[in-house]
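Observations on chain architecture
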Amino acid sequence: MINFKPVNNDAVEALMAIENACHSHPWTLKTMSSCIGGRYFNLAAFDGDLLVGFYIGEKAGPDFTLMDICVTPKHQGKGIAKQLLSKFIEHGEQQNAENLFLEVRESNTRAIKLYEQAGFIEMSVRKNYYPSDDAAKNGFEDAILMGMALSLGFM
């Protein structure tokens, strides 16, 4: 059974292991460490005592941004990312966030589908934003910016 709880800097090495396993261009240890605490918030997924996934969010004014979400390859395809994303959205609702934002590599079609199913919509594209190992892309690929309005302010 998967359970969820926030983690602190003591978990950074475990977060980095998942980050490195999931991303072609992972965050650095310094970046990961800087995104624990302060204006950042997180939730980690555990299978028993084993950390198997996480998200990191950022609060900026009335808006929240999903900065990173990962599930270890062995645990992918089991709905854990969907649960983490749902919990990110729930957290935004509970904290009265107005909007939720994220960006995703254009090549990450599984993630895009997950975000669309959760209610995120494409807002714009950042051209040549992410580094890429795909020679056909000249070393970069686009980022798709997606968002979800939680509070439109209508009564």
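So, how was this worked out
Residues numbered from 1 in each chain as written. Predicted model: local features only at pLDDT ≥ 70, side-chain atom pairs only at ≥ 80, totals over all residues. Heavy atoms only, no water. Pairing = 2+ DSSP bridges. Helix = DSSP H or I, 4+ residues; strand = E, 2+ residues; numbered from the N terminus. Right-handed = clockwise from strand over helix to strand, strands pointing away. Buried < 20%, exposed > 50% of the residue type's maximum accessible area, 1.4 Å probe, protein only. Contact = heavy atoms within 4.5 Å. Expected span 1.5 Å × (residues − 1). Core = buried A, V, L, I, M, F, W, Y, C linked by side-chain atoms within 4.5 Å.

Turning to the pairing of strand S5 (residues 99-105), a few remarks are in order. Judged from the four bridges that link them, strand S4 (residues 63-71) and S5 form a sheet pairing that is parallel. Pairing of Asp63 across the sheet is with Asn99, part of S5. Note that the unit made of S4, helix H3 (residues 80-94) and S5 has a crossover that is right-handed. By the bridge criterion, seven bridges tie S5 to strand S7 (residues 140-149) in an arrangement that is antiparallel. By the bridge assignment, Leu100 is partnered in S7 with Met148.

Time to look at the environment of Phe88. Tracing the backbone through its elements, the reader meets Phe88 in helix H3. For Phe88, a relative accessible area of 0% translates into the label buried. When the C-alpha positions of Phe88 and Asn42 are compared, they lie 8.5 Å apart, and in sequence the two are 46 residues distant. Look past the residues within four positions of Phe88 in its chain and what remains in contact with it is Phe41, Tyr55, Gly57, Phe64, Thr65, Leu66, Leu100 and Phe120.

Another point: H3. Helix length check: H3 (15 residues) gives 21 Å between terminal C-alpha atoms against 21 Å at 1.5 Å per residue, within 8%. Looking at H3, one finds that the buried residues are Ile80, Leu84, Leu85, Phe88, Ile89 and Gly92. Of the residues one or two after H3, Asn96 is the one with positive phi, at around 60 degrees.

Right, let's talk about unusual backbone geometry for a bit. Within the chain, Asn96 stands out as a residue other than glycine whose phi angle is a positive 60 degrees. By relative accessible area, Asn96 is classed as exposed at 64%.

What follows is about the nonpolar core. For soluble globular proteins, the rule of thumb is that nonpolar side chains tend to be buried together. If you look at the biggest cluster of nonpolar residues, it comprises 26 residues, and the most contacted ones within it are Leu85, Phe88, Tyr115 and Phe120. Contributions of two or more residues to this core are made by strand S2 (40-47), strand S3 (50-60), S4, H3, S5, helix H4 (109-118) and S7. Counting residues per element, this core draws most heavily on H3, which supplies five residues. If we skip the residues at most four places from it in the chain, Leu85 touches Leu66, Ile69, Leu114, Tyr115, Ala118 and Phe120. With 17 residues, the next largest nonpolar core counts Val7, Ala11, Leu15 and Cys35 among its residues.

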